[in-house]
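Survey of secondary and tertiary structure
Here is what each chain is made of, one letter per residue.
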Amino acid sequence: MAEEPEIKNGQTDYKALGFMCGLEIHQRLATEEKLFCSCATGVLDKSVKPIATISRYQRAVAGELGSMDKSAEFEQSRGRAFTYNVFEDNTCLVDIDEEPPHDLNREALEIALSIASSMQMHLVDEIQPMRKGVIDGSDPSAFQRTMLVGLNGSIKVNKLNINIPLMSLEEESSGIASSTNSSVIYNTDRLAIPLVEIDTDANIPDPKTAKAVALYIGTMLRLTGKVQRGIGSIRQDVNMSIKDGARVEIKGVQELGLIDKYIENEVERQKNLIAIKSRLIKAKAKVGKAVDVTAVFTDTKSEIISDNLRNGGAVFAFMLSGFKGILGLEINPNRRLGTEISDYAKMAGVNGIIHSDEEMSKYSISDKELVDLREKLGIKMEDSFIIVAGKRETAIKAIELAVWRADYSLKGVPKETRMAYDNDNCTSKFLRPLPTGSRMYPETDIRPIAVTEEIRKAALKLAPDVERERAYLDSKIRSNVVVEQLITSPKLQLFKSIIEETKVDPEFAGNILTQKFTELRRSGIDVDSIPDKRILEAFRFYANGKITKQGMEELIKHMGKDESDIAGILVKAKLMRIKGKELEELIASERKEHTGMSTDDLRNRIMAKCRLNVDGSELNSLLKSNP
Amino acid sequence: MLKLFKKNGIAVGDKIKIHFKGNEMAGELMPNTEVSAPDTIILKLENGYNIGMSYDKNMLFNRVSEGKSGIEFPKAKATTKKGLPKVTLIYTGGTIGSKIDYKTGGAFMLIKPEELLYEVPELSDIANIEIRQLFGIASEDMTSVEWAAIANAVKEAFDKGSRGVVVTMGTDIMHYTAAALSFMLCDLNGPVVVTGAQRSSDRGSSDAFFNLIASVSIAANSDIAEVGICMHYSSSDERCAFIRGTRVRKMHTSRRDAFRSVNDKPIAFVDRKMKITYNNDYNRMMGEIEKPVVAKTDFEKKVALVKYYPASDPDIFDYYIKKEYRGIIIEGTGMGHVSVSQANKNATPLIDGIRKAIEKGIVVGMTSQCIYGRVNNNVYRNLRIINDTGVIYCEDMIPETAYVKLGWLLGNYDAEESKRLLDKSIAGEIKKRSRYEEFLL
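Residues numbered from 1 in each chain as written. Chains lettered and ligands numbered in written order. Predicted model: local features only at pLDDT ≥ 70, side-chain atom pairs only at ≥ 80, totals over all residues. Heavy atoms only, no water.

1. Brief notes about the side chain of A:T209
Residue and element names in this part refer to chain A. Counted only if it meets this: Each helix corresponds to a stretch of at least 4 residues labelled H or I by DSSP, and each strand to a stretch of at least 2 residues labelled E; elements are numbered beginning at the N terminus. Relative accessibility under 20% of the residue-type maximum defines a buried residue, over 50% an exposed one, and the middle range a partly exposed one, all with a 1.4 Å probe and only protein chains included. Whether two residues are in contact is decided by their heavy atoms: any pair within 4.5 Å suffices.
Tracing the backbone through its elements, the reader meets T209 in helix α3 (residues 207-223). Exposure remark for T209: the relative accessible area of 7% places this residue in the buried category. The residues touching T209, leaving out its near neighbours within four places in the chain, are L160 and I204.

So, in C-alpha cells, the structure goes:
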C-alpha cells in the first residue's frame, strides 16, 4: 500500500526510513533470595495453591514534577481492583507492601556488577535505590525498586559497536494469574526476584542487527551461570520509530529469534499509518463527536447490542468522514486500522467496536437501523461510523478512547506502549500510552550502597566474556554446533570441570552435555535434575575405563531415573566395561563356539552382543594381535 | 564539599557536568542526606536515576543551568456543598500529613490542605472539609502537651459547628493519643476519629487514602459520640474499623491493619462504598444539645509505665521515688505478677520496691503484659501478697491506656480520688464482662 522508495536491491533501506531502534533486555537472576527480602526465588508451578489472597486499589499520585503521569492517570481511570495471591515460601510482608524492604541482596549486586563489568561499563561509586512508579497493579507497593549500577558501556556485535548507556538492577513484577476489565489477579511468587535491565542506545541500524544484539546479550547473561532460565526468565522490549512515525515500545517479546520479525512488522505498521494519514488529509477527513444512539437500537435483533441494552446499557456512535475503506485497511498481518481503534475502546471494558467497513449483516444490524443511525449522526452514505455498546459508563469511556484514536489517524502514529501478543504473525497491540518519565524518586527506606574497590575487583573476576569463552571452546571442540550450544548452556562450568579433571575427550564430553542431553530430554528423561557432581562422577568412571562411550550414554539415561550410586547402577544395568583379560576371554570363548568365523564377523558378533560393554577399538586391536 | 561547590558557583538543584578520567557525567546536583558518606556527590541523571560519585580532587565541575526552586504540587480548592455535614480535619504531622520531596526523597514536607483534597477528591463528596494544621511533628515526639492542644482544637471545632472531627497523626503512639483524647474530651456529642497511615502517601498503594475516606465517613455520617481510631481492618483495602480510643493498640510494626481492638470489639466498620456497619455498643449522639464539649486537659507528667521482666531490678522504684513521681503503672506478667520471692533465693523481689513507692504516696496500678485478658488479685497466693501492698488491679484495661488514664486522673484529681477511679470505667476502658469473641480481633 505504502510507496516504498526505501527498498534497495530488494532490501529495505532502514537508514532512509529514519529507523531508530534500541533494546531493553530484562533478565531474571538465579539468586537464592529475592532482591530485598529472604523469600524463595523460584517461579511456582500452577498447581501450588496460594495460602492467602489480599485485594488492593491503587491511585495515581502526583509525581516528581508535581504532575500526574499520563499512563498512571490512564490506569487509574480504569479503577481496577487488584488481588494478590500470597504463597507460603515465596511471599512475605515486604512483597505485599506491609513491611519495609530489608538490605539489598549482595549476591544479586555481585552478579549485576559482573555483568556490567563485562560490558566495560562505568560502575557507579554509590548505588542509590529508586522507586519507579508502576500502577498497573503488578507491584503491590505501586512502585518498582530499581537502581542504576553501570553507565556508558558497549559491546561489539557483528563488528558493530553497540552502546549500552545503562544497566540497572531491579525487582521483577508480579505475574498475572487472570484478568478481566475490572480486576486483575496477580501471583506474587515472581514479584521482586532480582532482575537486570540492559538498555542499548537507539542506534541499532536494522532488525537483523537487533536480533543479533539480543542474542549476544542473552549469551553473555547465560555465561554468568547465574541467571534464571525457562519461559519468561528473559524478556526483550523494543523501542523504535521511523521518520514521521512515533516512538513505540513493544513489550514482552519472549522469543529471541522473533525479534526481527516483530520489528519489521512495526516498521510496516508505522509506514501504513503514515500513508493513511496522507490519504485522510487529502480526503479532508474528519472525525465527529460521540453521540448517544441507544434509541436507534431499542428493538434491535443484533445480539451483541441487545445483550448490552438488556442490562441497562447504552450505545454510542460517532461519524468519520473520508474514512471509507480505510477502517478496514490491513496495516499488519490480520490487523486493520479498525483493530487499532478497537483496542483503545477495549481498554475501557467493552468487547470491541463495530465499524462501517464491516459487513453489518454479521451483527444482524438491520437496514432501518442503519438509516436511523445515519440520520441521528447526520451523515451521508459515503461517511463511515463506529459504534460502541456497553454499560453506560463503560461505553462513554470506550467511545471517548475510540474517538481519540480515530482522530489521531489524521495526525499519524501515536506514541504507545504495545504488547507482543501474536507470536504467529509477530504483531503487537496497544497496551497503554507511553509513560512520560516523571516517575522516579529515591527509595528512602534503603540506604545507598557503596561499591568498594573490593566489590569491583570481585565483579571483574566474575565478568563473563563471550569472546574468551568462545575461543576457549573452539580450541577444544571442532563442532560449531556443540560450541554454540555449550556457550549458552548451564552445563558450561561442568564441562570445564570434566575435561580439566578427567582429561576425557572434550568433543565427547561436550556432545554428551549438549546433544545427548537434548535427545534424552525429548524422550522424557529428566536429565536436568541430575546433580552436576553426579555427572562428573560418571565421567570419572569413564576416564578410569570402567565404562564405554556407548555405556556412558546409557548410564546417563539410568541416572535420570535412578538416584542410587553409580557403581550400583553399572552392576544393575550391566554396564560395566568388559576389557583386558576379560575381553580376551570373551573373544576366546566366541572363537571356540564359532570356529572358522572371519575376524570381521567375529567382531560384529561380539559388538552386537555387548555393544554397551565393549570398546570397539580395544576389541579391534585385541582381534588384530590375536588373529 | 559544599564549600567547593560554592566556589564553583554551584548550588543544590543546579544542572551540572562533572569531568573525570575522560568520563563526563551530567545531571542535577542533589543534596547528600547521608551522614555516612559526606564526600559523595549525588547526581540525578536525565533518565531519573540518582547515582553517587565519590569526590576526587581531579574532578572538574561546571554549571550548565540554574536549578528551578520549589516543586508545585497540584491543588484542589475546598468547596462547600449544600446538605453536606461539616467535618474538621486536624493535622498534627506524621506519615499521613506529609509528602515526600520527590527529588531528594529525604525531607518530608507538610502537605497543604488543597493538595490533600486533590489527592483524595472523594473527601469533598462526603463532607465540607475544614482543614486545620495544628503542628507537624512525628508521633513519637508527642507529649501530653500536644494531646492537650489537640483536645482543645477538637473542642473548638465542635464549638464552631463541626459535626465530627478527624485528627491525623503518626501511628506509633496513636493509641496513647486516642486514649488521652478519650479521657480529656468530656460530654462529647459527635465522632472524633483519629487516623494515620502505615505507608506513606507518595505511593499509589498507600493506606492513607482509604483511611481518610473511611474516617471522614465516620465523622460525617455516624452517630458515634466517642473517640476512636479508624484504620484498615485487614491487609486488603476492603474495610476500615473504628475502634474505641481506650481499647485500641498498635499490634504490628508495619502492617496497615496494625491497630487492633483489645478486650473489646470494634465499634463499627466502613466499607469501600463508605457504608457504616455497627458492631458494638457505643455512646450515641443526642441531636442538638446546648452543652458544649469540655476539654479537661490537665495531665500529670510524673507518671511512669514500668515493665516487669524476670529478675528486673527493684531499685527502679527508688529512681521514681527520688524523682517525685506520683503514679506508676506496672506491666506485670500473667494475671498481674511480679516477683515476690518467698521461695527462690535468686529472685529479685520487686514487691519491696512497690511497697516503698506506695508508702511514699505514689499511686501504683497493675496491668498485664499479656495485653489480652483481665488481671486478678486472688487466684495465686503471690497475687494476694502483691494486692495487699495497695496496688490497684486495673481489670481488663490495657497498659498504655492505664498509663494515660493515671496521668489524666492525677492531673485532675488528688491521689485518693485517682486511686478510686483507676479501676472504674470512665471512657469505656474497663468493662465487667469478658466476652468470648473479643480475643485476637
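2. A word on the pairing of strand β3 (residues 40-44) of chain B
Residues and elements named next belong to chain B. So the rule is basically this: Any two strands are treated as partners once DSSP identifies two or more bridges connecting them.
Taken across its five residues, β3 has five buried, putting it largely inside the fold. The alternating pattern of β3 places T40, I42 and K44 on one face and I41 and L43 on the opposite face, and all of these are buried. Bridging between strand β2 (residues 23-30) and β3 involves three bridges; their strand directions are antiparallel. For L29, the partnering residue across the bridge sits in β3 and is L43. Summarising the sheet, β3 and strand β4 (residues 50-54) pair through five bridges and their orientation is antiparallel. Residue pairing across strands places L43 opposite I51, the latter belonging to β4.

3. Considering the interface of chain B and chain A
We apply this condition: Two parts placed together each lose some accessible area under a 1.4 Å probe, and the buried area is that loss summed for both. Within this document, salt bridges are pairs made up of a side-chain nitrogen of Lys or Arg and a carboxyl oxygen of Asp or Glu, the two lying within 4 Å of each other. Side-chain atoms alone can form a polar contact between residues adjacent in sequence; in general such a contact is a pair of N or O atoms within 3.5 Å, and within protein one must be able to donate a hydrogen while the other accepts it.
Listed by partner, the interface residues are 51 residues for chain B and 47 residues for chain A. Interface of chain B and chain A: buried area, both sides summed, is about 4000 Å²; carbon and sulfur atoms make up 52% of it. Between the two partners, chain B and chain A, sit seven salt bridges. Close ionic contact of A:E98 with B:R199 constitutes a salt bridge, the shortest N to O distance being 3.8 Å. The interface formed by chain B and chain A contains 22 residue pairs in polar contact (both at pLDDT 80 or more).

4. A closer look at the pattern of salt bridges
All told, the structure shown has 83 salt bridges over all chains when counted by the stated rule. Put simply, A:E266 and A:R269 hold a salt bridge, and the shortest N to O gap is 2.9 Å. Of this pair, A:E266 and A:R269 both sit in helix α4 (residues 259-282), three residues apart, roughly one helical turn. For the salt bridge of A:R310 with A:D307, the shortest nitrogen-to-oxygen distance reads 3.3 Å. With A:R310 and A:D307 both in helix α5 (residues 303-310), this residue pair falls three residues apart, about one helical turn. Exposure remark for A:D307: the relative accessible area of 38% places this residue in the partly exposed category. Linked by salt bridges that have partners in common, A:R56, A:D97, A:E98, A:R131, A:R145, A:E171, A:E443, A:D445, B:R199, B:R203 and B:R256 make up one network.

5. Re helix α15 (residues 549-559) of chain A
Since the α-helix packs 3.6 residues into each turn, any two residues three or four apart lie on the same face. Within the span of α15(A), buried status applies to A:G551, A:M552, A:E554, A:L555, A:I556 and A:M559. Among the structural elements, α13 (506-522), α14 (532-543) and α16 (566-572) of chain A are those in contact with the buried residues of α15(A).

6. What about the confidence of the model for chain B?
Worth spelling out the cut-off: What pLDDT conveys is the predictor's confidence in a given residue, as a value from 0 to 100.
Per-chain confidence: chain B averages 90 in pLDDT, with 94% of residues scoring 70 or above. Reported confidence for the predicted complex is 0.91 by ipTM and 0.85 by pTM.

7. Focus: the packing of aromatic side chains
Residue and element names in this part refer to chain B. Note the following rule: Aromatic pairs are defined between Phe, Tyr and Trp rings, using the six-membered ring for Trp, whenever the two ring centres lie within 6.5 Å; interplanar angles under 30 degrees are classed as stacked, those over 60 as edge-to-face, and all others as tilted. A ring is considered to have a charge above it if a Lys NZ or an Arg CZ atom is located within 6 Å of its centre and within 35 degrees of its normal.
By the definition in use, this model includes 19 aromatic pairs over all chains. Directly above the aromatic system of F269 lies the positively charged group of R239, at a separation of 3.9 Å from the ring centroid. Directly above the ring of Y233 sits R260, whose terminal nitrogen or CZ lies 4.7 Å from the centroid.

8. A look at helix α10 (residues 466-476) of chain A
All names here are of chain A. Note the cut-off: The directions from the helix axis to the C-beta atoms are what the arc is built from.
Taken together, the buried positions of α10 are occupied by V466, E469 and L473. Each buried residue of α10 lies within a common arc of 70° when the element is viewed along its axis, so the set occupies one face. Sitting at the amino-terminal end of α10 is D465, which places a side-chain oxygen 3.1 Å from the backbone nitrogen of E467.

9. Brief notes about the sheet that holds strand β9 (residues 128-133) of chain B
Residues and elements named next belong to chain B. To be explicit about the condition: Interaxial angle, 0 to 180 degrees, is taken between N-to-C directions of lines fitted to C-alpha atoms, where a helix line uses only the stretch in contact.
Here eight strands make up an open sheet; going across it, the order is β9-β6-β10-β12-β13-β14-β17-β18 and the pairing mixed. Two strands bound the open sheet, and with one partner strand each, they are β9 and β18 (276-278). For this sheet, the mean inter-axis angle between neighbouring strands, taken without regard to orientation, is 25°. Bridge analysis of strand β17 (residues 268-271) against β18 gives three bridges, and the strand direction is antiparallel. Across the sheet, the residue bridging to F269 is T277, located in β18. Against the sheet, helix α4 (residues 144-159) engages β6 (86-91), β9, β10 (164-168) and β12 (192-195), with an angle of about 150° to β10.

10. Points about the nonpolar core
Rules: Definition of nonpolar core: a set of buried residues of the types Ala, Val, Leu, Ile, Met, Phe, Trp, Tyr and Cys, connected through side-chain atoms within 4.5 Å.
Counting residues in each nonpolar core, the largest one holds 157 residues, and the members touching the most others are A:I115, A:M167, A:L169, A:I198, A:I217 and A:L555. If you tally residues by element for this core, the top one is α3(A), at nine residues. Leave out the neighbours within four places in its chain, and A:I217 touches A:I25, A:I155, A:I164, A:I198 and A:T200. In terms of nonpolar packing, the next biggest core, distinct from the first, is built from 55 residues, B:W147, B:M169, B:A180 and B:Y403 among them.

11. Observations concerning the environment of A:Y363
All names here are of chain A. In this fold, Y363 is placed in the loop between β21 (354-355) and α7 (367-377). Exposure remark for Y363: the relative accessible area of 12% places this residue in the buried category. Separated by 83 residues in the primary sequence, Y363 and L280 place their C-alpha atoms 27 Å from one another. Among the polar contacts made by the side chain of Y363, one reaches the side chain of E358 at a distance of 2.7 Å.

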